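The lines below spell out each chain.
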Amino acid sequence: MKKEDLEKAQVILDLITRKWWFLLVFTLIGTITPPIVTKGYDPSKTGEIILHILENALIKYCSPLYPVFKIIPVILIFALILLGNSVGKVFSLYAGINYLLFAFLQGIAITDKYGFGVVTGSFILMILVAIFWFWEAIITKNNFTPRKLPIIRYWVAPLAFLAFWYPINLETGEPDFNLAYLFTNPAGLAFCTMTPVYLGILTLYYPEVNIVTLRVTSLLGTIIGFWNLVVNFLIEPDKLWWNGVLHLPLVFISIYALILSFRRTHSVEIVRELK
């Protein structure tokens, strides 16, 4: 496909993803799509089933891979800082693969109670986000050229670092600031802890980023972040309050990135490209 055709496709995707009906359909898929299980399904227990799948997801059985998926993003981030655009495509491809893994490892469980189960809404949308990251690897709209930024723009960095570190005792749910978790916990394979990292990086290079990828990723981050806050702070605050705190980076950075993706200045650029 010619570069000109890719650019036209990008403009069309940009226009579609800013439509109210796209936002509505996307949100509804992420919030009301029922889970799929092979046994024991009761519509009145949909919330319980979703939590059961999430608590017993396949990611629990991937502990040997945890260090690998913590080290790779660290290497890629330093490579972006030092080498810029020469590793931009690799970064986007890795992010796409990461989102596919989130979908399968966090959205699927096999248990005695419900058999094979899928959290359908998040599974579909994570795959969609992965596709947009692969799209960015093809069209390469992100410009990772080093630049000077106002210091206030870096507010996302400590929050993204906190999410990536994920300092929590997974057995008790209590705070545990063990630095070893930077390389040993499952955060590198989890949507809620890696999305602040990916979005944080894009916001630091905004506006020279793929706005469509930024928008779709941040929209899903906002939706999933909201439901995590509901569960952690309203449904089970006694056990999950600290987990809720560690999901605040996802919520804050996702909302910030989503707002950036709809800024008027970018709308003007789209109109100019169409002309």
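All of these numbers come straight from a predicted model, not from anything done at the bench.

Asks: Which residues make up the packing of aromatic side chains, and what values do they have?
Replies: A complete count under the given rule lists 19 aromatic pairs for this structure. Geometrically, the ring pair formed by Phe 161 and Trp 165 is tilted, given 5.8 Å between the ring centres and 50° between the ring planes. Within this pair, Phe 161 and its partner Trp 165 are both found in helix α7 (residues 156-165), separated by 4 residues, close to a single helical turn. Overall, Trp 165 belongs to the buried group, its relative accessible area being 12%. Between Phe 226 and Trp 227, the ring centres sit 5.1 Å apart and the planes meet at 70°, which makes this aromatic pair edge-to-face. Trp 227 sits in the partly exposed class, given a relative accessible area of 40%. The rings of Phe 91, Tyr 99, Phe 102, Trp 133, Phe 144, Phe 191, Tyr 198 and Tyr 205 are connected pair by pair, giving a single aromatic cluster. Between the NZ or CZ atom of Lys 70 and the centre of the ring of Phe 164, over which it lies, the distance is 4.5 Å.

Asks: Run through the pattern of salt bridges, naming residues and quoting values.
Replies: Considering all chains together, one arrives at 8 salt bridges under this definition. With a closest N to O distance of 3.7 Å, Asp 14 and Arg 18 form a salt bridge. If you follow the salt bridges from partner to partner, you end up with Lys 3, Glu 7 and Lys 141 in one network.

Asks: Explain the packing of helix α5 (residues 88-107) against helix α6 (residues 120-139) to me, and be specific about the residues and the numbers.
Replies: One can describe the packing of α5 onto α6 by two numbers: an axis separation of 8 Å at closest approach and a directional angle of 170°. The orientation of α5 relative to α6 falls into the category roughly antiparallel. Between α5 and α6, the contacting residues are Lys 89, Phe 91, Ser 92, Leu 93, Ala 95, Gly 96, Ile 97, Tyr 99, Leu 100, Phe 102, Ala 103 and Phe 104 on the first element and Phe 123, Met 126, Ile 127, Val 129, Ala 130, Trp 133, Phe 134, Glu 136, Ala 137 and Ile 138 on the second. Split by residue class, the contact of α5 with α6 holds 18 nonpolar, 2 polar and 2 charged.

Asks: Run through the packing of helix α9 (residues 191-205) against helix α10 (residues 211-235), naming residues and quoting values.
Replies: Contact pair α9 / α10: the axes reach a minimum separation of 10 Å and the direction vectors enclose 140°. The two elements α9 and α10 cross, and the hand of that crossing is left-handed. Of the residues in α10, those touching α9 at Phe 191, Cys 192, Thr 195, Leu 199 and Leu 202 are Leu 214, Thr 217, Ser 218, Leu 220, Gly 221, Ile 224 and Asn 228. For the contact of α9 with α10, a count of residues per class yields 7 nonpolar, 5 polar and no charged.

Asks: Lay out the nonpolar core with the relevant residues and their values.
Replies: Membership of the largest hydrophobic core comes to 62 residues, with the highest contact counts inside it found for Phe 191 and Leu 214. Among the elements that take part in this core, α9 stands out by supplying 10 residues, more than any other. In terms of nonpolar packing, the next biggest core, distinct from the first, is built from 6 residues, Val 37, Ile 53, Tyr 114 and Val 119 among them.

Asks: If you had to explain the pairing of strand β3 (residues 115-118) to someone new, which residues and values would you point to?
Replies: Direction of pairing for strand β1 (residues 36-37) relative to β3: antiparallel, over a ladder of 2 bridges. The residue of β3 that forms the bridge with Ile 36 is Val 118. Two elements, strand β2 (residues 108-111) and β3, share 4 bridges in a ladder whose sense is antiparallel. Each residue of the ladder has a partner; that of Ala 109, found in β3, is Gly 117. Counted along the chain from β2 to the antiparallel partner β3, the turn is 3 residues long.

Asks: Residue-level account of unusual backbone geometry, with values.
Replies: Only a minority of non-glycine residues have a phi that is not negative, and only a minority of peptide bonds are not trans. At the junction of Tyr 206 and Pro 207, the peptide bond is cis and its omega measures out at 10° in the coordinates. One can find Pro 207 in the loop between α9 and α10. At Thr 140, a position not held by glycine, the phi torsion is positive, near 45°. In this structure, Thr 140 sits in the loop between α6 and α7. Despite not being glycine, Tyr 166 has its phi angle at roughly 50°, a positive value. Looking at where Tyr 166 falls in the secondary structure, it is placed in the loop between α7 and α8 (181-184).

Parameters and conventions
Counting restarts for each chain: residues are numbered from 1 in the order of the written sequence. Given that the model is predicted, a residue must reach a pLDDT of at least 70 before its local features are reported, and side-chain atom pairs must reach 80 or more before they are shown or counted; all residues, however, enter totals for whole chains, interfaces and linings. Neither water nor hydrogens contribute to the side-chain values; these are computed over all heavy atoms in the structure. Two aromatic rings from Phe, Tyr or Trp, using only the six-membered ring of Trp, form a pair when their centres are within 6.5 Å; if the ring planes differ by under 30 degrees the pair is stacked, by over 60 it is edge-to-face, and anything between is tilted. In this description a helix means any DSSP run of H or I spanning at least four residues, a strand means any run of E spanning at least two, and both kinds are numbered starting from the N terminus. Exposure is judged per residue with a 1.4 Å probe applied to protein chains only, and the accessible area is read against the type maximum: over 50% gives exposed, under 20% gives buried, and values in between give partly exposed. By definition here, charges over rings are those cases where NZ of Lys or CZ of Arg is within 6 Å of the ring centre and within 35 degrees of the ring normal. A pair is scored as a salt bridge if a Lys or Arg side-chain nitrogen falls within 4 Å of a carboxyl oxygen belonging to Asp or Glu. Only C-alpha atoms enter the line fits that serve as axes; for helices the fit covers just the stretch in contact. Angles between N-to-C directions range over 0 to 180 degrees. We call two directions roughly parallel when the angle between them is under 35 degrees, roughly antiparallel when it is over 145, roughly perpendicular when it lies between 65 and 115, and oblique otherwise. In this analysis, two residues are considered to be in contact whenever any of their non-hydrogen atoms come within 4.5 Å of each other. Polarity classes work like this: nonpolar for Ala, Val, Leu, Ile, Met, Phe, Trp, Tyr, Cys and Pro, charged for Asp, Glu, Lys and Arg, and polar for all others, with Gly in that last group. Handedness of a crossing follows from how the near helix is turned relative to the far one, being left-handed for an anticlockwise turn of less than a right angle and right-handed for a clockwise one. Throughout, nonpolar core names a set of buried Ala, Val, Leu, Ile, Met, Phe, Trp, Tyr and Cys residues whose side chains join them through atoms within 4.5 Å. Two strands pair under a simple rule: DSSP has to find at least two bridges between them.

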